Amino acid sequence: MTSTQTSPLAFLKGHGTENDFVIVPDADNAVDLPAAAVARLCDRRAGIGGDGLLHVVRSAAHPEARGMADEAEWFMDYRNADGSVAEMCGNGVRVFARYLQYAGHVTAGEVAVATRGGVKRVHLDKDGSVTVSMGRALLPEDGVTVTVDGRSWPARNVNMGNPHAVAFVESLDHAGNLFTEPPYSPAEVYPDGVNIEFVADRGPRHVAMRVHERGAAETRSCGTGACAVAVATARRDGADPALTGNPVTYTVDVLGGTLIITEHPDGEIEMTGPAVIVAEGTIDPSWLADGEIETVND
Ligand SMILES: N[C@@H](CCC[C@H](N)C(=O)O)C(=O)O
């Protein structure tokens, strides 16, 4: 926000499987949101609190989204809790679509949302869940070794528009407290940082995960992470839809609920789960413009 912002700023709060977001509607892209302001808003003690922030802007009004304006009227300008910019957020885009419906910008049915990871088609299902077509996963050959409390695991490199390292563990407790990012090597594999998922088996086509998110620490869910986990698990299980010609569906339990992930033979990945708006209000502009950021989201 610029120091010239003097009128109260509208916000909403929403979450998808408890991956929670501050939502800032700003159709004309008139609000400047530097990293410090985003971190202040996402601070759980001194601010509103969230794993990230959804800046809701018309695509035509945002330099990064103008090229997508013909396909998608709205752009999800996604920020992590520490203020850093991310390419994509799977739960965020489902909550973003729920917000568009809540605000009357769209009715139930399908809505296209522009993201830094391209245009995503989101379906507001009649049962209250939200399904998003996430596109295809990339599976670079190079992986890393992740270490927690003296235990190490190989982690599969999966790119869902944003980077993920997926490690299979015997118990999710082995991921430790995840207050800080687990060390991984070689670091060069992820020059822009990475989201790290720990996965444990729960049954046939059913896994559970915990995640350390880039720019936010441990969160209770990560949509792109759940997709990365489903793809990595399918490859581990010898269930590559491109080879079998059959879609494969995984149930992925996260700390905040359950996501259903289907990978189709053409590589397209669909994710379904809840997305809710829980509150709305106004931000005091003098509070936001003022003061130091002393704590990070936890
Ligand atoms: N929680 C999100 C992912 C948000 C971005 C991530 N922290 C990154 O920096 O890549 C999701 O639901 O996908």
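Residues numbered from 1 in each chain as written. Predicted model: local features only at pLDDT ≥ 70, side-chain atom pairs only at ≥ 80, totals over all residues. Heavy atoms only, no water.

Asker: I would appreciate a short explanation of the site of the ligand in the present structure.
Answerer: Near the ligand, the surroundings consist of 15 residues, among which Asn19, Gly90, Arg214, Gly223 and Thr224 are the closest. One nitrogen or oxygen atom from the side chain of Asn195 is found 2.9 Å from an oxygen atom belonging to the ligand. With respect to the ligand, the side chain of Glu213 contributes an N or O atom lying 2.8 Å from a nitrogen atom. Contact with the protein chains hides 100% of the accessible area of the ligand, taken as 360 Å² for the molecule alone. When contributions to the shell around the ligand are tallied by element, the ones reaching two or more residues are strand 4 (74-80), helix 2 (90-102) and helix 3 (223-236). A class-by-class count of the residues in the shell around the ligand yields 5 nonpolar, 8 polar and 2 charged. (Near = heavy atom within 4 Å. Polar contact = N/O pair within 3.5 Å; in protein donor to acceptor, adjacent residues only side chain to side chain. Areas by Shrake-Rupley, 256 points an atom, 1.4 Å probe, with all protein chains shown as cover. Helix = DSSP H or I, 4+ residues; strand = E, 2+ residues; numbered from the N terminus. Nonpolar A, V, L, I, M, F, W, Y, C, P; charged D, E, K, R; others polar.)

Asker: How do you make sense of the state of the cysteines when you look at a structure like this?
Answerer: Note on terminology: a disulfide is the covalent bond linking the sulfur atoms of two cysteines. Considering all chains together, one arrives at 0 disulfides under this definition. Cys222 takes part in no disulfide bond, and the closest cysteine sulfur, belonging to Cys89, lies 6.6 Å away. Its sulfur unpaired, Cys227 is 8.7 Å from the next cysteine sulfur, which belongs to Cys222. (Disulfide = S-S within 2.5 Å.)

Asker: Even after reading the chapter, I still don't get the domain arrangement of the protein chain, so can you show me in this structure?
Answerer: Interface size is commonly expressed as the accessible surface area that is lost when the partners come together. With domains assigned, the protein chain is organised as domain 1 (2-128 + 276-296) and domain 2 (144-271). Computed over C-alpha atoms, the centres of domain 1 and domain 2 are 25 Å apart. Carbon and sulfur atoms make up 45% of the surface buried where domain 1 meets domain 2, a total of about 1200 Å² over both sides. Linking domain 1 with domain 2 are 2 salt bridges. A salt bridge links Arg214 to Glu87; its shortest N-O distance comes to 2.7 Å. Counting residues per element, the side of domain 1 that touches domain 2 draws most heavily on helix 2, at 3 residues. Per-class residue counts for the side of domain 1 that touches domain 2 are 4 nonpolar, 7 polar and 5 charged. (Domains from an automatic or database assignment. Buried area = accessible area lost by both parts, 1.4 Å probe. Salt bridge = Lys/Arg side-chain N within 4 Å of Asp/Glu carboxyl O.)

Asker: Whenever I open this one, the pattern of salt bridges confuses me. Can you help?
Answerer: Opposite charge on two side chains makes pairing possible when the charged atoms of those side chains draw close. The final tally for this structure, using the stated rule, is 16 salt bridges. Across the salt bridge formed by Arg210 and Glu218, the nearest N and O atoms sit 2.8 Å from each other. You can call Glu218 partly exposed: its relative accessible area is 25%. A network of salt bridges, in which partner residues are shared, links Lys13, Asp20, Arg44 and Asp51. (Buried < 20%, exposed > 50% of the residue type's maximum accessible area, 1.4 Å probe, protein only.)

Asker: Help me understand the UniProt feature "active site" (unreviewed entry) in the protein chain, please; the structure alone is not making it clear to me.
Answerer: Mapped onto this numbering, the UniProt entry annotates "active site" (unreviewed entry) at Cys89 and Cys222. Spanning 134 residues, the annotated positions come together in the fold, the maximum distance between their C-alpha atoms being 7.7 Å. Checked against the element boundaries, Cys89 lands in the loop between strand 4 and helix 2. By relative accessible area, Cys89 is classed as buried at 6%. If we skip the residues at most four places from it in the chain, Cys89 touches Phe21, Met76, Tyr78 and Thr224. The topology assignment puts Cys222 in the loop between strand 14 (217-219) and helix 3. Judged by relative accessible area, which is 4%, Cys222 ranks as buried. Discounting chain neighbours no more than four positions away, the residues touching Cys222 are Asn19, Asn91, His164, Glu197, Met209, Val211, Glu213 and Leu259. (UniProt positions renumbered as here; feature names shortened; annotations may be inferred. Contact = heavy atoms within 4.5 Å.)

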